[in-house]
Amino acid sequence: MMLRPAHALLIALLALAAPAQAATPAATEPCRPVEAQGETFTVCTIDLRRQRLRLFWLSDDGKPYGALGTLAEKQGGRLAFAMNAGMYDKDQAPVGLYIEDGHELKRASTADGPGNFHLKPNGIFWVKGERAGVADTARYLRAKMRPDFATQSGPMLVIDGQIHPKIAADGPSQKIRNGVGVPGDGHVAIFAISERPVTFGAFARLFRDDLGCRNALFLDGSVSSLYAPNLGRADISRPLGPLVGALPR
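These numbers come from a predicted model, not from an experiment.

Pairing in this open sheet of five strands is antiparallel, and the strands run β6-β5-β9-β7-β8 from one edge to the other. Either end of the sheet is taken by a strand with one partner, and the two such strands are β6 (103–106) and β8 (131–136). Going from strand to strand, the sheet's axes swing by 20 degrees on average, the running direction of each strand aside. Pairing between strand β5 (residues 98–100) and strand β9 (residues 149–153): two bridges, direction antiparallel. By the bridge assignment, tyrosine 98 is partnered in β9 with threonine 151.

Right, let's get into the layout of surface pockets. Each pocket or cavity is described by its volume, and for the largest pocket that value is around 290 Å³. Considering the residues around the largest pocket, the lining is formed by 13 residues, among which Leu97, Ile99, Glu104, Tyr140 and Met145 are closest to the centre. When residues of the lining of the largest pocket are traced back to their parent elements, those giving at least two are β6 and α3 (137–143). Of the residues contributing to the lining of the largest pocket, the split by class is seven nonpolar, two polar and four charged.

Below, the discussion takes up the pairing of strand β2 (residues 39–47). Counting buried positions over the nine residues of β2 gives eight, a clear majority of the element. Pairing between strand β1 (residues 31–36) and β2: six bridges, direction antiparallel. Opposite proline 33, over in β2, you have threonine 42 as the bridge partner. Between β1 and β2, which pair antiparallel and follow one another directly, the connecting turn spans two residues, one of which, glutamine 37, has a positive phi of 55 degrees. Pairing between β2 and strand β13 (residues 188–194): seven bridges, direction antiparallel. Bridge pairing links valine 43 to alanine 192 in β13.

Right, let's talk about the side chain of arginine 233 for a bit. With respect to the secondary-structure elements, arginine 233 resides in strand β16 (residues 233–234). At 2.9 Å, the side chain of arginine 233 forms a polar contact with the side chain of aspartate 235. Setting aside anything within four residues of it in sequence, one finds arginine 233 in contact with Thr42, Ile193, Glu195, Leu226, Tyr227 and Ala228.

Counted under the stated rule, the structure contains one disulfide. Bridging cysteine 31 to cysteine 44, the disulfide has an S-S length of 2.1 Å. Here the S-S torsion is close to 110 degrees, and the disulfide linking cysteine 31 with cysteine 44 is therefore right-handed. In this pair, cysteine 31 sits in strand β1 while cysteine 44 sits in strand β2, placing the two residues 13 residues apart along the sequence. A single burial state applies to cysteine 31 and to cysteine 44, both of which are buried.

Reading the values: the criteria
Residues numbered from 1 in each chain as written. Predicted model: local features only at pLDDT ≥ 70, side-chain atom pairs only at ≥ 80, totals over all residues. Heavy atoms only, no water. Pairing = 2+ DSSP bridges. Helix = DSSP H or I, 4+ residues; strand = E, 2+ residues; numbered from the N terminus. Axes fitted to C-alpha atoms, helices over the stretch in contact; angles between N-to-C directions. 1 Å grid on protein atoms, 1.4 Å probe; cavity = no way out; pocket = protein on both sides within 12 Å on 5 of 7 lines; lining within 4 Å. Points joined across faces, edges and corners; volume = space filled by probe spheres on them. Nonpolar A, V, L, I, M, F, W, Y, C, P; charged D, E, K, R; others polar. Buried < 20%, exposed > 50% of the residue type's maximum accessible area, 1.4 Å probe, protein only. Polar contact = N/O pair within 3.5 Å; in protein donor to acceptor, adjacent residues only side chain to side chain. Contact = heavy atoms within 4.5 Å. Disulfide = S-S within 2.5 Å.

Pasting the structure below:
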């Protein structure tokens, strides 16, 4: 759906992540197919010590990039991976918190409402230097962080190693879905997209049981899209809002 500062506090949020057991593939080939939960996914692992992970929303002309292909073209072939990165409204503007290059372009939303974004706790994916993290919105706001990049979406898929309490083991809703989790010490971010419609439960278990993420965030469904040049893949979808991509350091 479309509608979707302290150094010590930063380290405290990094402690939410899982044991450092996820493998780190070569930076030049970040994406790979994964069979798990009886389904097929594409999983992209970004090592922030080797690649720069950042968010994109507005191009130089002040308009949303809107498409992964447009972003890749404007990055001149440097983009190693990209994905839609958080729910947005009909104008392709972020529904919740959006920070780019340290500038807060949209404030965090704590409002109640319909849809997956408001299936609380929702959460925030953030990047600061060579580390990234996922935290539920309330915890993120209490930490008073100052990240380089951040995007809010929802619901959280995994919270401190537990599946979101409102996500059924295998509910009736099945969609192409994408999300992000951060294992270990925060140097690695893991993005996943399903290759066919899957339940919320199966998608959450992928991050917890198969990818080793104690905290993971749902980014979106139905519009979920991936740019993975090492797989020869550049998805076309409806116009997109915020995007996340990996560039050389």
